[in-house]
Each structure stands twice: as C-alpha cells, then as structure tokens.
4 protein chains.
Amino acid sequence: MDLPAWEPRRVVAMAAVLPDGVTPPGTRGRILQAGLELFAESGFAGASIRQIARMVGINSATLYAHYPSKGHVLAELVRIGHEEMRARLAEAADGTRNDSAARQLTALVRAHVLVHTDYPLLAVVTNSELHALDPELAAPSLQLRDECRRLLADVLERGIKNGEFSLPDPLLAVTAIGGLGVQVAHWFGPALDRRREQVADQYAKFALRMVSPDR
Amino acid sequence: MDLPAWEPRRVVAMAAVLPDGVTPPGTRGRILQAGLELFAESGFAGASIRQIARMVGINSATLYAHYPSKGHVLAELVRIGHEEMRARLAEAADGTRNDSAARQLTALVRAHVLVHTDYPLLAVVTNSELHALDPELAAPSLQLRDECRRLLADVLERGIKNGEFSLPDPLLAVTAIGGLGVQVAHWFGPALDRRREQVADQYAKFALRMVSPDR
Amino acid sequence: MDLPAWEPRRVVAMAAVLPDGVTPPGTRGRILQAGLELFAESGFAGASIRQIARMVGINSATLYAHYPSKGHVLAELVRIGHEEMRARLAEAADGTRNDSAARQLTALVRAHVLVHTDYPLLAVVTNSELHALDPELAAPSLQLRDECRRLLADVLERGIKNGEFSLPDPLLAVTAIGGLGVQVAHWFGPALDRRREQVADQYAKFALRMVSPDR
Amino acid sequence: MDLPAWEPRRVVAMAAVLPDGVTPPGTRGRILQAGLELFAESGFAGASIRQIARMVGINSATLYAHYPSKGHVLAELVRIGHEEMRARLAEAADGTRNDSAARQLTALVRAHVLVHTDYPLLAVVTNSELHALDPELAAPSLQLRDECRRLLADVLERGIKNGEFSLPDPLLAVTAIGGLGVQVAHWFGPALDRRREQVADQYAKFALRMVSPDR
DNA sequence: AATGAATGAGCTTTCATTCAT
DNA sequence: CATGAATGAAAGCTCATTCAT
C-alpha cells in the first residue's frame, strides 16, 4: 500500500471556504476568511492581527472597526462552523427520522464527514481552537456542539434498543464515531485523490460496521 | 445516554507524565515536563518561555543553559512521543508477527490507544504541534511517524491478502483507524470513568469490525 | 476635628456646569460639556475623543464637524473659564473701585472663590490643562490670566501704599492669595456641607488677615 | 508691582530631584527620575513609557525588568513624595511639641513649603497624579496623606482650644493652609528670585495671620 | 548551572484624524 | 450634520533570546 508522505501541516487543504450565505459582505467578510486561513494554519495564538490585516490588505487598526477583538473573529468562525455542523447533522437526522437506525447513522456519519471535507479549514478551527476563546464567547458554540453529540447519541441509543446495533459501551462509540470525521479535515485535499462522497460513504460503512453485532 | 459535558480544554487529563526512563535528570527534565504541560494546554505558540520557567521555578534565561531554543523543547517532546509510539506499536506488531492479521490488528490498536491513555498530554503535543517545528527539527519525528503508519498499513495489507479483511480502499482504513486513538488523548481522564484497558479493548473491537467483511 | 476622607479624584463635584450663555446650542454644546467632564476627571491626555463622542452619543468623526481638533475643545473650555474669571474679578474690582483696599480685596477674593465653587470642573480644567494646549491656542487665555493677576496685584499695591496692608514681599502674597481659590475647585462639593458663600466669606477673611499688619 | 510672565508649564523648576537615600541604584533609579520629570511635565497619561525609556537611554522593554508597569513607576514616586512630606511634617510637629501652637504651626507650614520648594517636581506628581493610580497602588499614599492632614488639624485644634487661634470653621483653615504650599511647587524656581527660606518664612507668617484673632 | 539586565521585534489594541457618502 | 470605514502612529506590554557575571 502506498502511503502518501505525512504532512506536518495542520490542514492540507488550502481554500478558506465558508458556507454559503454566512460570509459578511465587504471587508468584514474578507477579515473572516483571512482569519480562517491563518487560524487553521497556525492556530489562534500563532496568527497575529497584523498577518490577518496584511492578508486582507488593510491596516491592522481597520480590523477593529469590524470586530472588537481578535477573539471575536475566532468566535464568529467557531460559531459558523458549529452552526453548519449542527444544521447538516440535524438535516441528516431529520431526513431519516423514519428509517432504520442503520440508515440514520449512515446519513449522520456521511453528513459529518462531508462537512469536514467541504470546509476543512473551518472544521479544524472549530474543533481545535475552542480552547482559546473566552468562556462567554465560547458558550454559544459549546451548546451547538452538545446538540450535535446528542444527535449521534440518540441514533445509537435507538439502534441499540431495537437490536440493530450491539454496543456494550455506547459512550465509547460516540467518541469513536465522532472522532472519525474530525480527522478527515486534516488530510482531505486534492492530493489524496479521493472524492468527498467516496470518503463519506466509506466512513459511513466503517461506522456501521463498528456498531453492528458481530456475526 | 448521559453525555458528559464537553470540555473546551485541549486535554482533559492533568498529569504531565513522560514515559519511564526518558525524562532527563534535574532541571532539564523539569523544563521538559513544564513544556509538556503548557504546550498541551495552550499550544506551542500560546505558551511562553517565561511561563515554562516560572513553572519550573527558574529564571527564563536559565532555560537556555539546557535547551538552545523554545523549539528544541518542543522537538524533544515530539521526538519522545513518537519514539514511545513507535516502540509500543513495533512491540505489538512484533509480538503478534505469527498470529492472524486480526490478532495483530487488535494488538496494534490496543497499543495505539494505550499510548494515548497513558500519555495524553504527550500525545496531544506530539500530534498537534508538529506544525510549529522547524523542518529540520521535525524530520526525525516525521520518519518515526511514517514507520508507525507503515505498521498499520502492513497488517491491513496482510489481512486483505489472506481474506481476513475486506477493504475496498485500505488507505481510508489507515486514516480512520489511525484517527481513532488520536482523539482518545483529548478526552481520556479520570472523569470519564473508564479504565485504560476498557477503552483499548473496545476500540480494538471497533477497528476489527471496521475491517471485517460484512456478513 | 473630623477630617473627611481625602478624595483621590481630581474634582469632587460632578455636574459639568458652564456659565450662563456660553454653551453653544445643540451638539456643539454637548461636546463642550462632555469634554469638560472628561478633561476635569482624567486630564486632557487621559481623555479620548471617542470617550467624549460616546458621552455625547455621536460618532467620533462627527466631533470634527464642530471642532477642528481635540485641542480646540480644550481651548474653548479654557477660554470660557478664563473669561468668566476675568469678568467676575473685574466686576468685583470695579464695584469697589472707590472703597478701601480692604473692601476691594474682600470682593476680589470672594469673587475668586465663588467662581471656583460655581464651576469647579471648569476651574480645574482652566487651571490644570493649559500646559496641554498649543501655544497659539493658549495665548488668548494667557492674556486673560495676566489681567486677573494684575487686578489682585493692583489692590495689594494700593493697600500697601495707603497703609492698609503690610507686605514685605507683595509678589508672594499674590501667589498665596491666588492659590487659595484654586484649591477650592478640587474639594468643593455637596459632601463638604459648606455653602458657597460660607467658603467665600471665610477665605476672604483669611486673605484680609494675611495682608493686614500684625497688631 | 512687576508680575513675572505666567508660565503655562505645570512646573517651572527643571531638576528631577529626589530626596536623599530614596533613589534606587542603577537603571531603576534613572527610570524613576525620568518618570518624575515626564510625569511632572506632561502628567501620567501624557507621558509614555517610550519617552521615559528614551530619556534613560534604554529600550522600553528593559523598563519592565525594573517595574511591572507604568503605574508602578508612578506609584513609587507618589509614595516617596508622601513619605518625604510625612517625615518632614512629623519632624516639624515633633520638634515643637512643647511650644505654643503658633510656633508649631509655623514649623509645620515652613516644612510644608520647604518640601515643595526642595522637590517641586515630586510635589506636583504627588499632588496631581494620584487620580491616575489604581486604588490598590494609591492606598499606601492615601494613608500618609491623611496623617499629614491630621498633623495640621491637630495643631489648629490645639491653638483654638488654648485661645491662640480664632477660627470659626477650622476645616476651611485646613484646606486653605494646606493649599498654600501645594501651589508653591508650580512656580518656585530660580527665575522668581526668592530663596526657599524666604518663601517658607513668608508663607508661615501668612498662615499665622490667617488663624490669629483680629485685633 | 543560574541569574538579572538588556534588547529588537512583535504583540493586541487605541489614538486622533480623514474622507467619501 | 452625521456616519462607517479607513489610516499611520503610537500606546502599554510581552516575546524569545543574549550576555556578562
């Protein structure tokens, strides 16, 4: 098996893409995108307000006409990331409300993976930089994050109850399946030569196998 | 299912433990431990040489009598982390050289998980701060990391060849199984009320299910 | 004797009162009052244009539609303060032109004290922030200030000449008596439980005793 | 009477003199002197850490090896100023403990004036910049200040009780006499051509006249 | 091995001010 | 008359690192 060289970078993908409709117009939006790129690459502490401003092409003081602090830029990114995640997971769960737990889990994992392939930089920032936020700035995102975990926990619970799944310790399954997608954001990119659906489908199958009773 | 509250911290565990026999004696070792704790908590960029020195109880200039730069402290931690990882994985692979691929995979995943439960801070630093290292400081660790992935890839390849495993896209299995353990370092701690072996066993079962042919 | 607790604040009084008829109408006047309050409390350098604007309820850029610079706001306040002072002292001196030097000095000191009790914030700004003005902005006020000192010097001179006063070094009396009122602006306020006339009368008596020949 | 031109500067004197034995050795002391000069001239808010550093001839970062913040430099100056004041006043009061109240008041006012002629910059900073200090940094000085006022209040009380003084409202005498010296710091300097004792003697006589019964 | 003093570069943030709208 | 966006300069302070002792 050919293993591609390990990338010491935090994210392999390059494009600082934000979900449709959430990028504010004008300078404010360009600040957000520059923050996304730099926070993803270097972390919150490793990226400076001047770097962001330089990337946007403005004076660093101008940034403060749009965001009250560096932390607020991160907070908005983290919030957007969590909202996209929650929206996609909720839609996946909702669209399969009446299906088998297996189908619903598949939908959830696919959605989870796809949000990481579609917005890898955002996902990395969302997952890895929460610790840098002041508690009051982090609070809204923390709640969204709990809702996401709840969606996964619920489908597992349902599958266990109706016998589709076999899980002696469901909480560990939540952490394991939840962790699957997270890693995707780090390595997914054009170099790996897999389409997004390929990864999503494969990872959904992994998840399904993880929870299914041994034969 | 009761989901414990999500922790915005990077690591839930507290003790800055290093593998036996690798901590240098005296001040040099205490610097390493302080660096471990602070880099794990705040990241390389977010932790300062003065914080490290304060935690050790020395003047920040004294640090330079032991390490030529802040980066070298991180480099040593990252190297130790990778060496422990490689040693444990190699031992697991070696001890099951003549067993089935399933048994060998089980041993590998168990070892992988256990190195994350035993040294969570070290694992977080090892996995998340490589990007902050100068290339020449990172190089030795990058090679160790490739060896670790090779071990996992090899057992998967063997299982596929002899029919134990069924994997249309083995590379994705490497990323998925490899990612399983990584996440453990973030949440494993006394609060979650699972013993290290419980997690290791369960995760090994997950991995095995992931690669096993559907019924 | 009960000494009230010393106030580390620059002015004890709170109301940003300006003399009748000098406050410009509309926003311009509200800027002046906000400047008065903030310059009195924090000094010219310690108060920012944005604080003033916030207190007025306008954008900081709007301020420049009314005053060409921060310094001009201070200059107008300082000018108003000096003009009020000159007007009151001149009126006091004029109204007692034909009285004894003692009566005239009494009138002057009373007026001097009262202008400090009536406009304590203005007095503090007028006395303490002149140094922050550009020379050309300060010039008109400097002249008014000299006229005020002249009035005091003249009455002392007259009293010495006609034997009412006994002062080996009249210049020191000018500084001492002039300084009496200045301090009043800092501590006069409702907390000290003295009416304005009480203070004025008492200070005038002090001044008179200072200049009168020992028995 | 020739009135010298009014000086818009905060202090006429130039030499940044500190009392004997209180200037710390080396850079720390030179920082203190530069702070004294600049805070006296421009106020705390109007003087910058970089100006201080430039005057000392050091990098602005070096300042933080000696003082933890700009406020701490001011706090030390203010404390020194208050301690010198308290020491001189206490010595004056103590040395005349068994004399008449008149003699004791004379000694106090003389001491008060002399501390302002001897350390005019320090006196201005001490008196005018307390408001810029954080409460916890100001607290020690506030207590010293109260002790000073107490010394003056006590002698006035004694003089009133034994009939030497006649003061219907002694509190106003405290403010007036206390204010006498304060102003001296602003204008005392070589230009005014008065020796320190001349001013002290004259002001002491003024104070004595202020409190003595009219003939 | 350890220190205090020092530094140049850089940090986040605020400053007074300008300008097109 | 008022604004939001923008700016260069500067604010207080911290950074990793050096060096003489």
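These notes cover the structure that comes with them.

The rules behind these values
Residues numbered from 1 in each chain as written. Chains lettered and ligands numbered in written order. Predicted model: local features only at pLDDT ≥ 70, side-chain atom pairs only at ≥ 80, totals over all residues. Heavy atoms only, no water. Helix = DSSP H or I, 4+ residues; strand = E, 2+ residues; numbered from the N terminus. Rg over C-alpha atoms; globule rule 2.2 N^0.38 Å. Buried < 20%, exposed > 50% of the residue type's maximum accessible area, 1.4 Å probe, protein only. Areas by Shrake-Rupley, 256 points an atom, 1.4 Å probe, with all protein chains shown as cover. Near = heavy atom within 4 Å. Polar contact = N/O pair within 3.5 Å; in protein donor to acceptor, adjacent residues only side chain to side chain. Contact = heavy atoms within 4.5 Å. Least-squares fit on C-alpha atoms with pLDDT ≥ 70 in both. Buried area = accessible area lost by both parts, 1.4 Å probe. Nonpolar A, V, L, I, M, F, W, Y, C, P; charged D, E, K, R; others polar. 1 Å grid on protein atoms, 1.4 Å probe; cavity = no way out; pocket = protein on both sides within 12 Å on 5 of 7 lines; lining within 4 Å. Points joined across faces, edges and corners; volume = space filled by probe spheres on them. Salt bridge = Lys/Arg side-chain N within 4 Å of Asp/Glu carboxyl O. Axes fitted to C-alpha atoms, helices over the stretch in contact; angles between N-to-C directions. Parallel < 35°, antiparallel > 145°, perpendicular 65-115°, else oblique. Left-handed = near helix turned anticlockwise from the far one by under 90°. Phe/Tyr/Trp six-rings, centres within 6.5 Å; stacked < 30°, edge-to-face > 60°. Lys NZ or Arg CZ within 6 Å of the ring centre and 35° of its normal.

A word on the overall build of chain A
Working step 1: Scanning chain A for helices and strands turns up eight helices and zero strands.
Working step 2: Counting helices and strands in the order they occur from the N terminus, chain A gives α-α-α-α-α-α-α-α.
Working step 3: Against the 2.2 N^0.38 benchmark of 17 Å for 215 residues, chain A shows a C-alpha radius of gyration of 19 Å, consistent with a compact globule.
Working step 4: Counting all 215 residues of chain A, 54% fall into the buried class.
Working step 5: For chain A, the accessible surface area stands at approximately 9200 Å², while carbon and sulfur atoms represent 51% of it.

Looking at the protein's contact with DNA strand F
Working step 1: Around DNA strand F, the structure places 33 residues, and the nearest of them are Thr 62 and His 66 of chain A, Tyr 64 of chain B together with Tyr 64 and Lys 70 of chain D.
Working step 2: Among all atoms of DNA strand F positioned within 4 Å of the protein, those belonging to sugar or phosphate total 62%.
Working step 3: At 2.6 Å from a phosphate oxygen of DNA strand F is found a side-chain nitrogen or oxygen belonging to Thr 62 of chain A.
Working step 4: Between Thr 27 of chain C and DNA strand F, the recorded distance is 3.2 Å, taken from a side-chain N or O atom to a phosphate oxygen.
Working step 5: Within the residue set of the surface near DNA strand F, elements represented by two or more residues are α2 (49-56) of chain B together with α2 (49-56) of chain D.

Some points on the environment of Ser 166 of chain D
Working step 1: The residue Ser 166 of chain D is located in the loop between α6 (135-161) and α7 (170-187) in this model.
Working step 2: For Ser 166 of chain D, a relative accessible area of 28% gives the class partly exposed.
Working step 3: Note: C-alpha distance between Ser 166 of chain D and Leu 156 of chain D (ten residues apart in sequence) is 9.3 Å.
Working step 4: Beyond its immediate sequence surroundings of up to four residues, Ser 166 of chain D is in contact with Arg 209 of chain C together with Val 211 and Pro 213 of chain D.

Some remarks on the relation of the copies chain C and chain D
Working step 1: For the match of chain C to chain D, the screw axis carries a shift of 0.0 Å, the RMSD comes to 0.1 Å, and the turn is 180 degrees. Taken together, the rotation and translation relating the two chain copies correspond to the operation of a two-fold axis.
Working step 2: A shared binding surface is used by both copies, with 100% of the interface residues of chain C retained as interface residues in chain D.

Overview of the protein's contact with DNA strand E
Working step 1: Of all residues adjacent to DNA strand E, which total 33 residues, the nearest are Arg 50 and Tyr 64 of chain A, Thr 62 of chain B, Tyr 64 of chain C together with His 66 of chain D.
Working step 2: Protein-adjacent atoms of DNA strand E, using a 4 Å cutoff, are sugar or phosphate at a proportion of 61%.
Working step 3: At 2.9 Å, a backbone N or O of Lys 70 of chain C approaches a phosphate oxygen of DNA strand E.
Working step 4: Sorting the residues of the surface near DNA strand E by element identifies α2 (49-56) of chain A together with α2 (49-56) of chain C as the ones contributing at least two each.

Remarks on the interface of chain A and chain B
Working step 1: If you look at the interface, chain A gives 53 residues, while chain B gives 53 residues.
Working step 2: A buried area of about 4800 Å², summed over both sides, lies between chain A and chain B, and 61% of it is on carbon and sulfur atoms.
Working step 3: The largest contributions to the chain A side of the interface with chain B come from Met 1, Trp 6 and Arg 209 of chain A, which together make up 18% of the buried area.
Working step 4: In this structure, the connection of chain A to chain B is made through 20 residue pairs in polar contact (both at pLDDT 80 or more).
Working step 5: Ranked by residues supplied to the side of chain A that touches chain B, first place goes to helix α7 (residues 170-187) of chain A with twelve residues.
Working step 6: Class assignment of the residues belonging to the side of chain A that touches chain B gives a composition of 29 nonpolar, ten polar and 14 charged.

A short note on empty space enclosed by the protein
Residues and elements named next belong to chain C.
Working step 1: For the structure shown, the criterion picks out three cavities of 30 Å³ or more.
Working step 2: Of the voids in this model, the largest cavity is the one considered here, and its volume is about 70 Å³.
Working step 3: Lining the largest cavity, in full, are Gly 81, Glu 84, Met 85, Val 115, His 116, Tyr 119, Leu 122, Ala 123, Thr 126 and Asn 127.
Working step 4: Of all elements in the fold, only α3 (70-95), α4 (101-118) and α5 (120-128) reach the threshold of two or more residues within the lining of the largest cavity.
Working step 5: Its residues assigned to classes, the lining of the largest cavity comprises five nonpolar, four polar and one charged.

A closer look at the arrangement of the chains
Working step 1: A gap remains between chain B and chain C, which never touch, and the nearest two C-alpha atoms on either side lie 32 Å apart.
Working step 2: Separated without contact, chain A and chain D have their nearest C-alpha atoms at a distance of 20 Å.

Notes on the pattern of salt bridges
All names here are of chain A.
Working step 1: All told, the structure shown has 68 salt bridges over all chains when counted by the stated rule.
Working step 2: Between Arg 86 and Glu 147 there is a salt bridge whose closest N-O contact spans 2.7 Å. Of this pair, Arg 86 sits in helix α3 (residues 70-95) while Glu 147 sits in helix α6 (residues 135-161), and the two are 61 residues apart along the sequence.
Working step 3: Since its relative accessible area comes to 27%, Arg 86 is described here as partly exposed.
Working step 4: Between Arg 196 and Asp 118 there is a salt bridge whose closest N-O contact spans 2.6 Å. Of this pair, Arg 196 sits in helix α8 (residues 196-211) while Asp 118 sits in helix α4 (residues 101-118); the two residues are 78 residues apart in sequence, bridging distant segments of the chain.
Working step 5: Residue class for Asp 118 comes out buried when judged on its relative accessible area of 18%.
Working step 6: One salt-bridge network, in which partners are shared between bridges, spans Glu 84, Arg 88, Asp 118, Arg 195, Arg 196 and Glu 197.

What to know about the side chain of Asp 169 of chain D
Working step 1: Relative to the elements of secondary structure, Asp 169 of chain D occurs in the loop between α6 and α7.
Working step 2: According to the relative accessible area criterion, Asp 169 of chain D is buried, its value standing at 12%.
Working step 3: At 2.5 Å, the side chain of Asp 169 of chain D and the side chain of Arg 194 of chain C are in polar contact.
Working step 4: Contacts of Asp 169 of chain D, omitting those with residues within four sequence positions, involve Arg 194, Gln 198 and Gln 202 of chain C.

Structural notes on the environment of Arg 28 of chain C
Residues and elements named next belong to chain C.
Working step 1: By the secondary structure assignment, Arg 28 is in helix α1 (residues 26-46).
Working step 2: The exposure class assigned to Arg 28 is partly exposed, which follows from its relative accessible area of 29%.
Working step 3: When the C-alpha atoms of Arg 28 and Glu 136 are compared, they prove to be 22 Å apart, with 108 residues separating the residues in sequence.
Working step 4: In contact with Arg 28, not counting residues within four places along its chain, are His 66, Tyr 67 and Glu 76.

Some details on the packing of helix α4 (residues 101-118) of chain D against α6 of chain D
Residues and elements named next belong to chain D.
Working step 1: Contact pair α4 / α6: the axes reach a minimum separation of 9 Å and the direction vectors enclose 160 degrees. When the interaxial angle is binned, α4 and α6 end up roughly antiparallel. For the element pair α4 and α6, the recorded crossing hand is left-handed. Here α4 contributes Ala 101, Gln 104, Leu 105 and Leu 108 to the contact with α6, which in turn contributes Leu 151, Leu 152, Val 155, Leu 156, Arg 158 and Gly 159.
Working step 2: Among the residues forming the contact of α4 with α6, the class breakdown is seven nonpolar, two polar and one charged.

Focus: the packing of α1 of chain C against α2 of chain C
Residues and elements named next belong to chain C.
Working step 1: In the contact formed by α1 and α2, the axes pass within 9 Å of each other and the chain directions differ by 135 degrees. Relative to α2, the element α1 lies oblique. α1 and α2 meet at a crossing whose hand is right-handed. For the pair formed by α1 and α2, the contact residues are Thr 27, Arg 30, Ile 31, Ala 34, Gly 35, Glu 37, Leu 38, Phe 39 and Gly 46 on the first element and Gln 51, Ile 52, Met 55 and Val 56 on the second.
Working step 2: Here the residues of the contact of α1 with α2 are counted per class, giving seven nonpolar, four polar and two charged.

Things to note about the relation of the copies chain A and chain B
Working step 1: Turning chain A through 180 degrees and shifting it by 0.0 Å along the axis lays it on chain B, with an RMSD of 0.1 Å.
Working step 2: When the interface residues of chain A are mapped onto chain B, 100% of them again lie at the interface, so the same face is used by both copies.

A few points about the packing of aromatic side chains
Working step 1: Enumeration over the complete set of coordinates arrives at 15 aromatic pairs over all chains.
Working step 2: On the numbers, 5.3 Å between centres and 55 degrees between planes, the contact of Phe 39 of chain C with Phe 44 of chain C is tilted.
Working step 3: A relative accessible area of 13% means that Phe 44 of chain C is categorised as buried.
Working step 4: Taken together, the aromatic side chains of Trp 187, Phe 188, Tyr 203 and Phe 206 of chain A make up a single cluster linked through ring pairs.
Working step 5: The ring of Phe 44 of chain B is capped by Lys 70 of chain B, whose NZ or CZ atom sits 4.4 Å from the centre of that ring.

Some remarks on the interface of chain C and chain D
Working step 1: With 53 residues of chain C in contact, the opposing surface of chain D contributes 53 residues.
Working step 2: A combined buried area of about 4900 Å² lies between chain C and chain D, and 62% of that area is made up of carbon and sulfur atoms.
Working step 3: Ranking the residues of chain C by area buried against chain D places Met 1, Trp 6 and Arg 209 of chain C at the top, with a combined share of 18%.
Working step 4: Summed over the shared surface of chain C and chain D, the result is four salt bridges.
Working step 5: The partner of Asp 214 of chain D in a salt bridge is Arg 209 of chain C, with the nearest N and O atoms 3.1 Å apart.
Working step 6: For the pair chain C and chain D, the interface holds 20 residue pairs in polar contact (both at pLDDT 80 or more).
Working step 7: Looking at the side of chain C that touches chain D, the elements with two or more residues in it are α1, α6 (135-161), α7 (170-187) and α8 (196-211) of chain C.
Working step 8: Top element by residues in the side of chain C that touches chain D is α7 of chain C. It accounts for twelve residues.

These figures come from the coordinates and say nothing about function on their own.
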